[in-house]
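The lines below spell out each chain.
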Amino acid sequence: MSSTGTGIQPPSRVIEAARSPVMASAFAGRTKVLPILELALLIAASIAPLLLRDYITVYATRVLILCLFALSFDLVWGYAGILSLGQSLFFGMAGYGVALLSRDFGVGSIFAVLPAGTLIGFVAALLLAGFLLLGRHPSSVVFVSLGTLTGAYAADRLARGSHYLGGQNGIPSIQPMTIGSHELSEGPGFYYLVLAILVLIYLLSRFLLRSQFGLALAGLRENEQRIAFFGYKVQHLKAIIFAISGAIAGTAGSLYAFHEGFVWTNMLGVVMSTQVVLYVLFGGSGTLIGAVIGTAIVEGLSFWLSDNYRDIWPIILGVLLLLVILFRPLGLISLVLGERERVGSFGPSLKEKRNAAP
Amino acid sequence: MPLLEAAGISKVFGKLTALDGAALTVGEREFHGLIGPNGSGKSTLMKCLAGALVPTRGKVTFINTDVTSFTPPERARAGMSLKFQITAVLPTLTLYDNILLALQARSSLLDLAFSRTRGRLHEEVMTMLLQFRLADRAFDAAATLSHGQQQWLEIAMALACRPRLLLLDEPTGGMSLEERRVTGELLQPIKQHCSLVIVEHDLDFIRDICDRLTVLDQGKVLASGTVAEIQANRSVQEIYLRRA
């Protein structure tokens, strides 16, 4: 990223400069590609179960849950520049939490287990943020990434060694989630439930990230020290977004537990948290939709490759990932999305401007 | 009571004594220049004022508060603002967003999350951009600006925090003559509400805009006074002659 201009401007700049500021602001950075892409994906996801065979719908449900998980990582890394390598900690803890609720207390109502899982993720992330982010002086990226990684690793080991948590085998045969008297098992019903939750959380995240709070996060990501000099409480911002991201990972983890019907130590560990990093890097960080696309493509490819190239598919997938990161370091999303739209523009909407005018 | 008072400031890096009992007093709405040969400790003193460095000894008082051990954000909230020597605009954000980011620093988190101050701050953002002759570029990425324009954007951002005291470290570094002249013009109107401490190599520039000067040499204050007094000072002339 270069921070110095060349002084020589392409002709289009001159034309832009000729516009009055008011005119310029009316046309400024209003998104074009992004909403179309989002809408297209939503439509595709909505009709998919009608076209797919049932076992593929089940697989697609799992992918949607992982999309939600990837969203939580994009929030911290793509928007706030916090490299959390322990995102699975919140995913897995929530998964184990709801599994225990189901096993030991027979609680399976969606209105109890989803909020519980979300809360577990939120509280766990807040506690970890207290250790890693809330010093008087900002902590380094390496410190935070190693701290979160260690957390995930430790949780994995602890769960493996714990008899109460089922050791290596985890907690099998969790009862299905219920809505009232209706039991929710895998299939189109579960698929649409997850899709609805994903869309809701996506929209809430989108709202937050395009607000002035999102601008503060963009500043945090670009130059943390600079915005601290403006008077921002940088550590608070980080802790808040980290906790929100933990909550989303928790929601995803509890959905995953009920969808798969069991939880095991991998959900907590390093494998899961590096997988989510790959999803987001592949799709492109800092756009939300990139995380969704990355997850869908990586998982879709694995599914297809493992069917057709049974022995060498991980190698093919690995090479593809490397190629994308080598030639498209901003992820696949950068093929269709320009720099301005990716970073975003935080000026007021036309309506707000009209209200502000005397 | 002066706005800023730094007394007996020393800063030791290992065996190197960068500052050795330096002092500085800045009054309300005073433009104060900090000059001296390379390595005299100007930038170190500036960093001690801004909180980027904690002095080994000495005390910094700002609006009757001892801020010596305040972190930079705490100082910013107390009313100090710093423009970095190396430009630190946020290159991928638009000029508009750079200024808004600075202006909204005092909004509450809830106001930020619901974008409640965005409409209200719009006018202010555009006024600042106009004042610094950047309005026609408002929605370009800051990275596309020329070096001089980036410096102006930074000064605008530093001022957007509505400071009582602005610290400028070499604002005209790398600027053309014309850009320097404009920078001087841009700085004049802020005197109505803000004091200034400025480190600058360009002595003509300093002489034109400052009320008082402090000359540092080898970490100590060699002289401090009005521009006329400093110009007539023999020992100041000597260190600059010695250098030339």
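Residues numbered from 1 in each chain as written. Chains lettered and ligands numbered in written order. Predicted model: local features only at pLDDT ≥ 70, side-chain atom pairs only at ≥ 80, totals over all residues.

Bringing the overall build of chain B into the picture now. Across its full length, chain B carries ten helices and ten strands. Relative to a compact globule of 244 residues, whose C-alpha radius of gyration would be 18 Å, chain B shows 18 Å and is just as compact. If you line up chain B on its principal axes, its C-alpha atoms span 55 × 40 × 35 Å. Each of the 244 residues in chain B was classed as buried or not, and the buried ones make up 48%. A fraction of 65% describes how many contacts in chain B between residues 6 or more apart in sequence connect residues 24 or more apart. (Helix = DSSP H or I, 4+ residues; strand = E, 2+ residues; numbered from the N terminus. Rg over C-alpha atoms; globule rule 2.2 N^0.38 Å. Buried ≥ 20, exposed ≤ 12 C-beta atoms within 10 Å, placed from the backbone. Contact = placed C-beta atoms within 7 Å.)

In a pair of packed helices, the angle between the axes and the distance between the axes together describe the arrangement. Residues and elements named next belong to chain B. In contact at an axis separation of 7 Å, helix H3 (residues 95-103) and helix H6 (residues 147-160) are set at 25 degrees when each is read in the N-to-C sense. As far as their axial angle goes, H6 and H3 are roughly parallel. Seen from above, H3 lies across H6 with right-handed handedness. In this structure, H3 contributes Leu95, Asn98, Ile99, Ala102 and Leu103 to the contact, and H6 contributes Leu153, Ala156, Met157 and Ala160. (Axes fitted to C-alpha atoms, helices over the stretch in contact; angles between N-to-C directions. Parallel < 35°, antiparallel > 145°, perpendicular 65-115°, else oblique. Left-handed = near helix turned anticlockwise from the far one by under 90°.)

Once that is clear, we can look at the pairing of strand S4 (residues 57-62) of chain B. All names here are of chain B. With five bridges connecting them, strand S1 (residues 4-13) and S4 associate as antiparallel partners. Each bridged residue has a counterpart across the sheet, and for Leu4 the counterpart in S4 is Phe62. Across two bridges, the pairing between S4 and strand S5 (residues 65-66) is antiparallel. Bridge pairing links Phe62 to Thr65 in S5. Counted along the chain from S4 to the antiparallel partner S5, the turn is two residues long, and its residue Ile63 has a positive phi close to 45 degrees. (Pairing = 2+ DSSP bridges.)

Glancing now at the sheet that holds strand S7 (residues 165-169) of chain B. All names here are of chain B. The strand order across the open sheet formed by six strands is S6-S7-S8-S3-S9-S10, and the pairing between neighbours is mixed. Single-partner strands in this sheet number two, and they are strand S6 (80-83) and strand S10 (220-226). For this sheet, the mean inter-axis angle between neighbouring strands, taken without regard to orientation, is 15 degrees. The sheet contact formed by S6 and S7 spans four bridges and is parallel. Bridging across to S7, Leu82 finds its partner in Leu167. Sitting on the sheet, helix H1 (residues 42-50) is in contact with strand S3 (31-35), S6, S7, strand S8 (195-199) and strand S9 (212-217), with an inclination near 150 degrees to S7.

All names here are of chain B. Counting through the fold element by element, Leu24 comes out in strand S2 (residues 16-26). Distance in space between the C-alpha atoms of Leu24 and Ile9 is 9.1 Å, their sequence separation being 15 residues. If we skip the residues at most four places from it in the chain, Leu24 touches Ala6, Leu45 and Thr214.

Once that is clear, we can look at the confidence of the model for chain B. Taken as a whole, chain B shows an average pLDDT of 88; of its residues, 97% reach a score of 70 or greater. Reported confidence for the predicted complex is 0.83 by ipTM and 0.85 by pTM. (pLDDT = per-residue confidence, 0-100.)

Quick look at the confidence of the model for chain A now. Do not read the fine detail of predicted coordinates wherever pLDDT is low. Residue and element names in this part refer to chain A. On average, residues of chain A score 86 in pLDDT, and 88% of them reach the 70 mark or higher. Mean pLDDT per element in chain A: helix H1 (residues 11-18) is the minimum at 38, and helix H8 (residues 188-209) is the maximum at 96. Counting interchain partners and residues more than four positions distant, the pLDDT-below-50 stretch residues 1-29 has 36 contacts.

This part covers the sheet that holds S4 of chain B. The antiparallel open sheet is built from four strands, whose spatial order is S2-S1-S4-S5 (chain B). If you trace the sheet from one side to the other, it starts and ends with S2 and S5 of chain B, each paired once.

With that settled, consider the pairing of S8 of chain B. Along a regular strand, successive side chains alternate from one face of the sheet to the other. All names here are of chain B. Most of S8 sits inside the fold, with five of its five residues counted as buried. Both faces of S8 are covered, namely the face carrying Ser195, Val197 and Val199 and the face carrying Leu196 and Ile198. Strand direction decides the pairing type here: S3 and S8, joined by four bridges, are parallel. Across the sheet, the residue bridging to His32 is Val197, located in S8. Assessed by its sense of winding, the connection that carries the chain from S7 through helix H7 (residues 177-187) to S8 is right-handed. (Right-handed = clockwise from strand over helix to strand, strands pointing away.)

A few words now on the environment of Asn64 of chain B. Residues and elements named next belong to chain B. Along the polypeptide, Asn64 turns up in the loop between S4 and S5. C-beta crowding within 10 Å serves as the criterion here: with 9 such atoms nearby, Asn64 is assigned to the exposed category. C-alpha separation for the pair Asn64 and Leu4, spaced 60 residues apart in sequence, amounts to 8.3 Å.

Turning to the nonpolar core, a few remarks are in order. Within the largest apolar cluster, 174 residues are counted, with the highest numbers of intra-cluster contacts made by Cys67 and Ala70 of chain A together with Ile99 of chain B. Not counting chain neighbours up to four residues away, the residues in contact with Ile99 of chain B comprise Val125, Met128, Leu129, Ala156, Met157 and Ala160 of chain B. (Core = buried A, V, L, I, M, F, W, Y, C linked by C-beta atoms within 7 Å.)

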